[in-house]
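# Analysis of the macromolecular model
Spelled out, the chains give:
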Amino acid sequence: MGLSLFEKIWNKHVVKEIEGGPSVLYIDTHFIHEVTSPQAFKGLEKRGLPVFRPKQVVATADHNVPTINQHLPIKEELSRIQVQTLKDNCEKFGIELYGLGHPYQGIVHVIGPELGITQPGMTIVCGDSHTSTHGAFGTMAFGIGTSEVEMVLATQCLMQSKPKLMRINVEGELNKGVVSKDIILYIISLISASGATGYAVEYAGSAIRSLSMEARMTICNMSIEMGARCGMIAPDDITFDYIKGREFAPAGEKWDDALAYWKTLYSDADAKFDKEININAADIEPMITYGTNPGMGIGVSGHVPALSEIDEKEKPSFEKSLHYMGLQPGANIKGKKVDYVFIGSCTNSRIEDLRMVASFVKGKQKADGVEVWIVPGSKQVEQQAKNEGIDKIFEEAGFMLRQPGCSACLGMNEDKIPAGKYCISTSNRNFEGRQGPNARTFLASPLSAAAAAITGEVTDVREMIP
Amino acid sequence: MSKQLSLVKSTVVPVNIENIDTDQIIPARFLKATTRDGFGKNLFRDWRFNNDDENQPKPDFPLNNPKYHGKILVAAKNFGCGSSREHAAWAIKDYGFDVVVSSFFADIFKNNALNNFLLPVVVSDAFLNKIFSAVEKDVNAEIEVSLPEQYIKILATGEQESFDINNYKKTCLLNGYDDIDYLLSIKQDIEEFEHAS
Ligand code: SF4
């Protein structure tokens, strides 16, 4: 019987299987950041252990960094200590750090691919649930907790039980105004925020294959929002072209060897999946969420479900969610006023996202009373935007281009949406309080967010493009 | 932190809400610490307090209701979804819980809980409802969770259900071992694996 992409990579990385328990998996690359690593390093010290393979660990500061005046000392004391602790730990344990001020600094899931560190067939982990992003390269990438970070630092191995396998096929052509963020929001709205829990998900089909690497990363990024252990896409020429020539990509003979291996990474025709879902790309319209988990999404021309459309059992959670969002059951979502627009996060802060926004807003002005934050995913994205003159377009539109970091995606630093305000956001989570206590989040694509920035309300972007 | 689990017999704190994500369990702004301690006081912070103010507790939230107490937290399905932050497990454990019961857990949370000697117990929807009704009837209703024998029991009615846990993890929890101890013991295998590939 044939093997799936997941199984091919899994089998190659099993060091040992434990009877009635998890498998010991070898990890090729481990990304760390300031928030989920300090306790892991403390644990190592307590045990008197070194980092087992420091060359396979890459660090950056992203979650808790300011996104303006990054050249100044961080004002807030706890944040400053946390970022400094990462620096100290990296020095002490011999780990490469792309910290604040470094030309490679940025959101961990943006810099890994952009530096060519993320490659097909690898196992990658990071103490962050959106590690699934790297799966866009045909990589097995898991988000892990801090005890597991410590485990990988100590042994370069992770204990994992084998997940079930799901394949989601998206076939056909996308409609006008529909981009990869809409595909994944649509999928999650179909199968719910827990619909893929316990599964590794492979995305396949002609609509997926037609996407750029940036767009594929957006899809794999949000796999965790339906509970999936990881998301992945088989590598192809688009993948190989993206990687070629990047800083840490293999070169010369090594490239040829790598490429030969990478080309074996696909699900065999007779591979078995525990579950398969087929989606017609033409059914997808620009999506937006109305509730407080990413599964609560609808087409922008649709309406918030009426109470009669909700399962009796789910009514309390549904009503709690709408109450938080200040929305009425059955209400139209289009036309809803927004106060903030956040374009950023590891879901949609890559150069392609910024280009998409810039080409849409060029010559337009943001609506009065709306605050627009553009937070590039990395220093390299920021630099590239400047090289291309995208920064000028944003400035003329009244958008604020900030410095790289997670920013208002999780509201850990000072970039918070004020209580009660509405933010249309290109990030991945609309949980209560995610963008600040009592902040209200609509998740959408960069294109839909840009449209809302111009009109000041939730807008069907299809009406604004030729 | 108790680094061993076996039999837990206790009253429960019911939080009958679905899809409780780790941002609710511990909001991001409390993740700035560099140690594992003290997260319990901010557990469910924004559901417990108005305006982020400890002097303004929300009386309806079960953790603020003095009639509920105990070592077992019971929540509706899909508990612990979202962020991988282990701080969520630390907060629950630090607050004083040893067991979390739900009909469905998110994967990363489940691992994080197990790595912190916090036992996630998966029960059927029907049994979960029985627990909620038992507590509704009598706030002092006790639940017994036996790790060695893998059952959970409502003592007042005697109703019980068995739960799954893999053998390896069970041994770890019963004996206070952790994964790093194990992995260090197979270091030679790891090095051989590196050579071979
Ligand atoms: S941008 Fe948001 S989701 Fe991505 S790593 Fe940062 S906090 Fe996590």
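The residue numbers shown here count from 1 along each chain, following its written sequence. Working convention: letters from A go to chains and numbers from 1 go to ligands, in the order in which they are written. In keeping with the predicted nature of the model, local features appear solely for residues at pLDDT of at least 70, side-chain atom pairs appear and are counted solely at 80 or more, and the whole-chain, interface and lining totals rest on all residues. Derived side-chain values reflect all non-hydrogen atoms in the structure, with water molecules and hydrogen atoms excluded from consideration.

## So, the sheet that holds strand S7 (residues 140–143) of chain A
Residue and element names in this part refer to chain A. Our working definition: Any two strands with at least two DSSP-identified bridges between them are counted as paired. Only runs of H or I of at least four residues qualify as helices and only runs of E of at least two qualify as strands under DSSP, and these elements are numbered from the N terminus. An axis is simply a line fitted to the C-alpha atoms; with a helix, the fit covers only the stretch in contact. Between two such axes, the angle follows the N-to-C directions and lies from 0 to 180 degrees.
The strand order across the open sheet formed by five strands is S5-S4-S3-S6-S7, and the pairing between neighbours is parallel. The open sheet has two free edges, formed respectively by strand S5 (96–98) and S7, since each of these has just one partner strand. Ignoring strand direction, the axes of neighbouring strands in this sheet form an average angle of 20°.

## Concerning the interface of chain A and chain B
To be explicit about the condition: Any two residues having at least one pair of non-hydrogen atoms within 4.5 Å are treated as being in contact. Salt bridges are defined by distance alone: a side-chain nitrogen of Lys or Arg within 4 Å of a carboxyl oxygen of Asp or Glu. The term polar contact refers here to a pair of N or O atoms within 3.5 Å; inside protein, the definition further demands a hydrogen-donor-capable atom paired with an acceptor-capable atom, and it admits residues adjacent in sequence only when both atoms are side-chain atoms. Classification used: nonpolar for Ala, Val, Leu, Ile, Met, Phe, Trp, Tyr, Cys and Pro, charged for Asp, Glu, Lys and Arg, polar for all others including Gly.
Chain A puts 63 residues into the contact, and the matching count from chain B is 52 residues. Applying the counting rule to chain A against chain B returns eight salt bridges. Along the contact surface separating chain A from chain B lie 27 residue pairs in polar contact (both at pLDDT 80 or more). Elements with a contribution of two residues or more to the side of chain A that touches chain B: helix H1 (5–13), strand S1 (14–17), strand S2 (23–26), helix H2 (38–47), helix H3 (77–93), helix H5 (146–155), strand S8 (157–160) and helix H11 (315–325) of chain A. A total of seven residues in the side of chain A that touches chain B trace back to one element, the largest contributor, which is H5(A). Classifying every residue of the side of chain A that touches chain B by side-chain character gives 22 nonpolar, 24 polar and 17 charged.

## Quick word on helix H8 (residues 187–196) of chain B
In plain terms, the rule: Using a 1.4 Å probe on the protein chains alone, a residue whose accessible area is under 20% of its type maximum counts as buried, one over 50% counts as exposed, and one in between counts as partly exposed. Arc definition: directions from the helix axis to the C-beta atoms.
Where H8(B) is concerned, the buried positions are B:Ile190, B:Phe193 and B:Glu194. On an axial view of H8(B), the arc spanned by its buried residues comes to 100°, and they lie on one face. Facing away from the buried surface of H8(B) by more than 90 degrees, the exposed residues are B:Gln188, B:His195 and B:Ala196. Where H8(B) is buried, its residues touch H1, S1, S2, H5 and S8 of chain A together with helix H7 (179–185) of chain B.

## Digging into the confidence of the model for chain B
Close inspection of predicted coordinates is inappropriate for parts of the model with low pLDDT. Selection criterion: On a range of 0 to 100, pLDDT expresses the predictor's confidence in each residue.
Scored by pLDDT, chain B has a mean of 95; 99% of the residues are at 70 or more. Our summary of model confidence lists the complex with pTM equal to 0.96 and ipTM equal to 0.94.

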